[in-house]
Amino acid sequence: DELTRRGVQVELLEKGPQAGREASWVAAGILTPQGEAKGPGPFLDLLLAGYQLIPEAIRRLEAATRMDLSYRASGVLKLALTEEDEGLLKEELAWQDEVGLRFDLLSPEEVRRLEPALDGSIRRGIWFPQGCQVDNTRMVEAYIRLVQSQGGVIRVNTEVKQLLLEGDRVTG
């Protein structure tokens, strides 16, 4: 959407027979900057900046395609079920706390209050308030419609083997 709005010709290459039916199609639709980064650095910075753009991008996409993407700014709950999980969770929280990210460390009782349907052994949970959800399959369909409606091209059965660079720009 951003590129086509700037007048850039967009061409998407998909190695499979249908656009967007690989990882994007089977993902859970959970969008949280803190859940993907493994520590501070450029990747976390990119995730945090991108997260700020999500609500407006979803609004534009829904308006342009007249599709409901089931966007919910609901927060995200991450669980530790084993002692090992709990150790990894605490390591994750240490660096997140250092860089000032928001989260709540939850007891098993607090986790069950948030999600009463959970059963079994829960050692701890982290609540990331900066998290949202979308229907990822509808979002993929909406982006396909949008790209095509704005003159973009989607080529299926076209695997990318390498990128051609000129300086710091991808040219092919």
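In what follows, the structure referred to is the one given above.
Residues numbered from 1 in each chain as written. Predicted model: local features only at pLDDT ≥ 70, side-chain atom pairs only at ≥ 80, totals over all residues. Heavy atoms only, no water.

Student: Can you tell me about the overall build of the chain, naming the residues and giving the values?
Tutor: Looking only at helices and strands, the chain features 7 helices and 9 strands. Once the C-alpha set of the chain is aligned to its principal axes, its extents read approximately 50 × 40 × 30 Å. By residue count, 29% of the 172 residues in the chain fall in the buried class. At a minimum sequence separation of 6, the contacts of the chain that also span at least 24 residues come to 72%. For the chain, the computed accessible surface area is about 11,200 Å², with 51% contributed by carbon and sulfur atoms. If you average the places of the 21 positive and of the 28 negative side-chain charges in the chain, the two averages end up 6 Å apart. (Helix = DSSP H or I, 4+ residues; strand = E, 2+ residues; numbered from the N terminus. Buried < 20%, exposed > 50% of the residue type's maximum accessible area, 1.4 Å probe, protein only. Contact = heavy atoms within 4.5 Å. Areas by Shrake-Rupley, 256 points an atom, 1.4 Å probe, with all protein chains shown as cover. Lys, Arg positive; Asp, Glu negative; His and termini not counted. Charge placed at Lys NZ, Arg CZ, Asp CG, Glu CD.)

Student: Go over the sheet that holds strand β4 (residues 104–106), please, and point to the residues and values.
Tutor: Note on sheets: strands pair through backbone hydrogen bonds, and any given pair is parallel or antiparallel. Pairing is antiparallel across the open sheet formed by 3 strands, whose spatial order is β3-β5-β4. Because the sheet does not close on itself, it has two edges, and the strands there are β3 (76–80) and β4. Taken pair by pair, the neighbouring strands of this sheet meet at an average axis angle of 20°, ignoring direction. Of the strands in this sheet, β3, β4 and β5 (124–128) touch helix α5 (residues 83–98), which is tilted by about 35° from β5. (Pairing = 2+ DSSP bridges. Axes fitted to C-alpha atoms, helices over the stretch in contact; angles between N-to-C directions.)

Student: Give me the lowdown on the environment of Gln162, citing residues and values where you can.
Tutor: Within the secondary structure layout, Gln162 lies in the loop between β7 (153–155) and β8 (165–166). Classification of Gln162 as exposed rests on a relative accessible area of 57%.

Student: Could you give an account of a nonpolar patch on the surface, naming the residues involved and the relevant values?
Tutor: On the surface, a nonpolar cluster with roughly 470 Å² of combined accessible area is contributed by Leu13, Val160, Leu163, Leu165 and Val170. Here Leu13 lies in strand β1 (residues 11–13). (Patch = residues over 30% accessible without salt bridge, like charges linked within 9 Å, V, L, I, M, F, W, Y side chains within 5 Å. Salt bridge = Lys/Arg side-chain N within 4 Å of Asp/Glu carboxyl O.)

Student: Can you lay out the environment of Glu92 for me, pointing to particular residues and giving the numbers?
Tutor: When you line up the elements, Glu92 lands in helix α5. Judged by its relative accessible area of 11%, Glu92 falls in the buried class.

Student: Can you break down the pattern of salt bridges residue by residue, with the values?
Tutor: Going through the model one piece at a time under the given rule, you end up with 6 salt bridges. Put simply, Glu11 and Arg155 hold a salt bridge, and the shortest N to O gap is 2.4 Å. Here Glu11 is found in strand β1, whereas its partner Arg155 is found in strand β7, with 144 residues between them in sequence. Overall, the relative accessible area of 42% leaves Glu11 in the partly exposed class. Each of Glu86, Lys90, Arg123 and Arg124 takes part in one network of salt bridges that share partners.

Student: Please provide a residue-by-residue account of the nonpolar core, values included.
Tutor: Core analysis: the largest hydrophobic core is formed by 10 residues, namely Tyr51, Ile54, Ile58, Leu61, Met67, Leu69, Cys132, Val134, Ala142 and Leu146. Where this core is concerned, the elements lending two or more residues are α4 (42–65) and α7 (136–149). Residue contributions to this core peak at 4 residues, all from α4. If we skip the residues at most four places from it in the chain, Leu61 touches Arg66, Leu69, Met139, Ala142, Tyr143 and Leu146. Val76, Leu93, Phe103 and Ile126 belong to the second largest nonpolar core, which has 7 residues in total. (Core = buried A, V, L, I, M, F, W, Y, C linked by side-chain atoms within 4.5 Å.)

Student: Now, about the pairing of β5: what can you tell me, with residues and values included?
Tutor: By the bridge criterion, 5 bridges tie β3 to β5 in an arrangement that is antiparallel. Counterpart to Leu77 in the pairing with β5 is Trp127. Judged from the 3 bridges that link them, β4 and β5 form a sheet pairing that is antiparallel. When the sheet's bridge partners are listed, Leu106 is paired in β5 with Gly125.

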